[in-house]
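What the coordinates show
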Amino acid sequence: MIQHLLLPWFPIVLAAGLAGRLLGGRRGYAVGLLCGLFWLALLQASAGVTIWKDVWSSVTIISGIIAIIAVGGWAGTSRVSLERPTFQESPLSSANQWQDQSADLVTPSPRRLLEQITASFDEFDDWLRDHRPSSNPWPKFDEFIRDVLYRCCRATHVRPYRWIPQSDHLVALREPDSLGDTKPLSAKEGVMGQVLSTGRVYLAHPEGCVGQSRPMGHDPMGSPAWCFAIRRNSETLGVVAAGGLGISPNRYVEILSLVERMITHFWGMLTECCHARAAALDDPASGLYTRQAFLRQAERTLADSYHVGDPVAVAVIALEGLRELNDTGRWEVADELVRGVGTLLRQKARADDQLGRFDGSRFVLLLRRVDDQLAALITAQLMTRLRSHCGDTERWGAHISVRCGVASSGSEQPDLRTLVSNALAHWRRAREEGTSMISHSSNPSPKEVART
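These lines cover the structure that appears in this document, whether it is placed above or below. Just so it is clear, the structure is predicted and the values come from calculations on it, not from any experiment.

A closer look at the overall build of the protein chain
Helix and strand counts for the protein chain come out as 16 helices and 11 strands. Here the protein chain, with 452 residues, has 44% of them falling under the buried criterion. Long-range contacts, defined here as pairs at least 24 residues apart, represent 66% of the contacts in the protein chain between residues at least 6 apart. Surface accessibility of the protein chain: about 24,200 Å² in total, with carbon and sulfur atoms responsible for 55%.

As for the packing of aromatic side chains
What the rule picks out here adds up to 13 aromatic pairs. In this structure, R154 is placed above the aromatic ring of Y150, and the distance from its NZ or CZ to the ring centre is 5.8 Å. Between R291 and the ring centre of F358, over which it is positioned, the NZ or CZ distance is 5.4 Å.

Focus: the nonpolar core
Counting 35 residues, the largest nonpolar core has F141, L149, W226, V259, I263 and W267 as its most contacted members. Only α6 (110-131), α7 (138-153), β1 (155-164), β5 (226-232), β6 (235-245) and α9 (253-281) provide two or more residues apiece to this core. Looking at which element gives the most residues to this core, the answer is α9, with 9 residues.

Focus on the side chain of R112
Along the chain, R112 turns up in helix α6. For R112, a relative accessible area of 5% corresponds to the buried category. Separated by 2.4 Å, the side chains of R112 and E115 make a polar contact.

Thoughts on unusual backbone geometry
Phi is positive for R154, which is not a glycine, with a value near 55 degrees. Of note, R154 is situated in the loop between α7 and β1. On the accessibility criterion, R154 (14% relative accessible area) is buried. At R369, a residue that is not glycine, the phi angle is positive and equals roughly 60 degrees. Among the secondary structure elements, R369 is positioned in the loop between β9 (362-368) and α13 (372-390).

What about the pairing of β6?
Of all 11 residues making up β6, 8 are buried, and the element is well covered by its neighbours. Bridge count between β1 and β6: 7 bridges; the pairing is antiparallel. Bridged to T156 within β6 is G244.

A few points about helix α10 (residues 291-308)
An ideal rise of 1.5 Å per residue puts 26 Å on 18 residues; α10 measures up with 26 Å between its terminal C-alpha atoms. Those residues of α10 that sit buried are A293, F294, L295, Q297, A298, T301, L302, S305 and Y306. On its buried face, α10 sits against α9, β7 (312-320), β8 (354-357), β9 and α15 (416-433). The positive-phi residue at the C-terminal boundary of α10 is G309, with phi of around 80 degrees.

Points about the environment of A280
Mapping A280 onto the fold places it in helix α9. You can call A280 exposed: its relative accessible area is 55%. Residues A280 and T290, 10 residues apart in the sequence, show an inter-C-alpha distance of 8.3 Å.

Quick notes on the layout of surface pockets
In this approach, a probe sized like a water molecule rolls over the atoms, and the result shows the empty space that is left. Taken as a whole, the largest pocket holds about 810 Å³ of empty space. Residue lining of the largest pocket: 32 residues in total, with S135, R162, C274, A278 and D282 positioned closest to the centre. For the lining of the largest pocket, the secondary-structure elements that each account for two or more residues are β1, β6, α9 and β8. Sort the elements by how many residues they give to the lining of the largest pocket and α9 lands first, with 7 residues. In the lining of the largest pocket, the residues fall into 15 nonpolar, 9 polar and 8 charged.

As for the packing of helix α12 (residues 331-348) against α13
For the pair α12 and α13, the least separation of the axes is 10 Å and the interaxial angle reads 150 degrees. In terms of orientation, α12 lies roughly antiparallel with respect to α13. Considering only the axes of α12 and α13, their crossing is right-handed. Each of L337, G340, V341, L344, L345 and K348 in α12 lies in contact with α13, whose residues at this interface are I378, Q381, L382, R385, L386, H389 and C390. The class makeup of the residues in the contact of α12 with α13 is 8 nonpolar, 3 polar and 2 charged.

Section: the sheet that holds strand β4 (residues 202-203)
With respect to topology, 6 strands assemble into an open sheet ordered β3-β2-β1-β6-β5-β4, the strand pairing being antiparallel. Looking at strand neighbours, the two that pair on one side only are β3 (185-186) and β4, the edges of this open sheet. Contacts from helix α8 (residues 190-198) reach β1, β2 (169-172), β3, β4, β5 and β6, with the element oriented near 35 degrees to β5. Contacts from α9 reach β1, β4, β5 and β6 within the one sheet, and its direction differs from that of β5 by about 45 degrees.

Rules and cut-offs
- Residues numbered from 1 in each chain as written.
- Predicted model: local features only at pLDDT ≥ 70, side-chain atom pairs only at ≥ 80, totals over all residues.
- Heavy atoms only, no water.
- Helix = DSSP H or I, 4+ residues; strand = E, 2+ residues; numbered from the N terminus.
- Buried < 20%, exposed > 50% of the residue type's maximum accessible area, 1.4 Å probe, protein only.
- Contact = heavy atoms within 4.5 Å.
- Areas by Shrake-Rupley, 256 points an atom, 1.4 Å probe, with all protein chains shown as cover.
- Phe/Tyr/Trp six-rings, centres within 6.5 Å; stacked < 30°, edge-to-face > 60°.
- Lys NZ or Arg CZ within 6 Å of the ring centre and 35° of its normal.
- Core = buried A, V, L, I, M, F, W, Y, C linked by side-chain atoms within 4.5 Å.
- Polar contact = N/O pair within 3.5 Å; in protein donor to acceptor, adjacent residues only side chain to side chain.
- Pairing = 2+ DSSP bridges.
- Expected span 1.5 Å × (residues − 1).
- 1 Å grid on protein atoms, 1.4 Å probe; cavity = no way out; pocket = protein on both sides within 12 Å on 5 of 7 lines; lining within 4 Å.
- Points joined across faces, edges and corners; volume = space filled by probe spheres on them.
- Nonpolar A, V, L, I, M, F, W, Y, C, P; charged D, E, K, R; others polar.
- Axes fitted to C-alpha atoms, helices over the stretch in contact; angles between N-to-C directions.
- Parallel < 35°, antiparallel > 145°, perpendicular 65-115°, else oblique.
- Left-handed = near helix turned anticlockwise from the far one by under 90°.

All we've got here are geometric facts, nothing functional implied.
If you want it as C-alpha cells, here you go:
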C-alpha cells in the first residue's frame, strides 16, 4: 500500500521543486500546496476512501503533502539567495550594510543617494587628474556623467550636449560613431531649447515641470523625463536630458536639485581646465599653436608619418611689414591681421596637419602625406589667399607682403628641426631674391642655414 502511495509522489515533488525554482519563494510554497492537493486528489480517485482506514497510510499522505509544500518553498528560496546581486562597497559604506544596499537598488533612500553624491566628488577629482592632459576629454566626460547620474538618481538614457553659441546648435559630447545619431541639434526646439532659453529645470511628472507654468513643445529627440541647463554665472555651457528617472521627482526634488548643481560644477571645472590648457598651448592672437606646442605636436606627427613611410613638408610663412603696425602703436590692427591669417591657415589645413605661430611675424606649417610638388601647389594656393587678405593697404594702413619658404623631407627623412631650418633658409633666400616663395626638397647650403 505504501509503495502504491509513493509511486506518483516522486514526479509530483520534482515538479513542485522545479516550479519553485522558476517562480521564487512565496510562489514556490503556493505551487507546492497545489501539487500536494493534486497528489491527494489523484490518490482519492484511484483508491477511494479506503486509504484513510489504514493509520500508516494516513500518516504517509499527510507527510507527503507537507514534503511537497516544503520542497516547493525551499526551491524558491534557494533561487533568490543564489541570484542575489553583488555590490561594490563604497568608501562610506561598511560590510554590515549589505541589506540596506539591496533595498536601495529598488527604492533608494535619500541617505544612500547623498552618500553616492558625496562619493562622486572624490571620483571626479581622480577623473580630472587622469584626463586633464587629454586634448579632448569631453567624450570620456560624457561617460562619467552618465554613470554619476545613474548612481545618484537612477537616471537613464542620459544625453549631455554642449551649446555652440556661434551656430546656436547643440553638439553631443561623445565622438560620432555608427551606433547613434550625433548630428548637431537646434538649440531653439523642443524641451531642451526652452530649458536653454529660460534656464529652468524640466521634470515630466504629474505636477508639471519645476518653475514652469506651460508645457514644453515638441522635442525631436523625444520628451525627456528630466532636463536641466548647464549655466555658469550668466554663461550657458550646455544642457543635460535624461529619458527616464528611477526615483520619484516629488519625493526627491531636493536630491535632483543637488545633482544638477554638482554636474554643473563638474562641467565648469572641466571647461576651465580646457581653457587653461588652450591658453598654455595656443597663441592668443592667431589661435594656432605656440612655437613650443607646435614643436611637441609636430614631433609626434612627423614620427607617425615616417613610421608609415609618408613624406612631409614644412612651410614657413612670414608677414613682412607687420612690425610697422606694432611700432606705431596699432596693436589692435596687427592682432586683427594675425587673427585673419590664422583663420585662413586653419581653413586650408587638413585634420592631421600641424599649424603654429613661430614668432611675431612668422607662421609654420607641417603638411603630411605631400611630396615637394604637392607641397608647393598647396602652399601656392594658400599664398594667394594670404596675399589677398594682407594686401588690403587701406584696411591695414601699411604695406604687408607675404613670403614663404618650403622644405620637403624627400627620401632622407630629416628630423623636425632640420626641416624647419631648411624652410627658414628657403624663406631668407626668397627674400634676398625678391620672390614670394621658394620650394624644393634639396637642402640649402650651410651658409644659408647659418644666416637664419
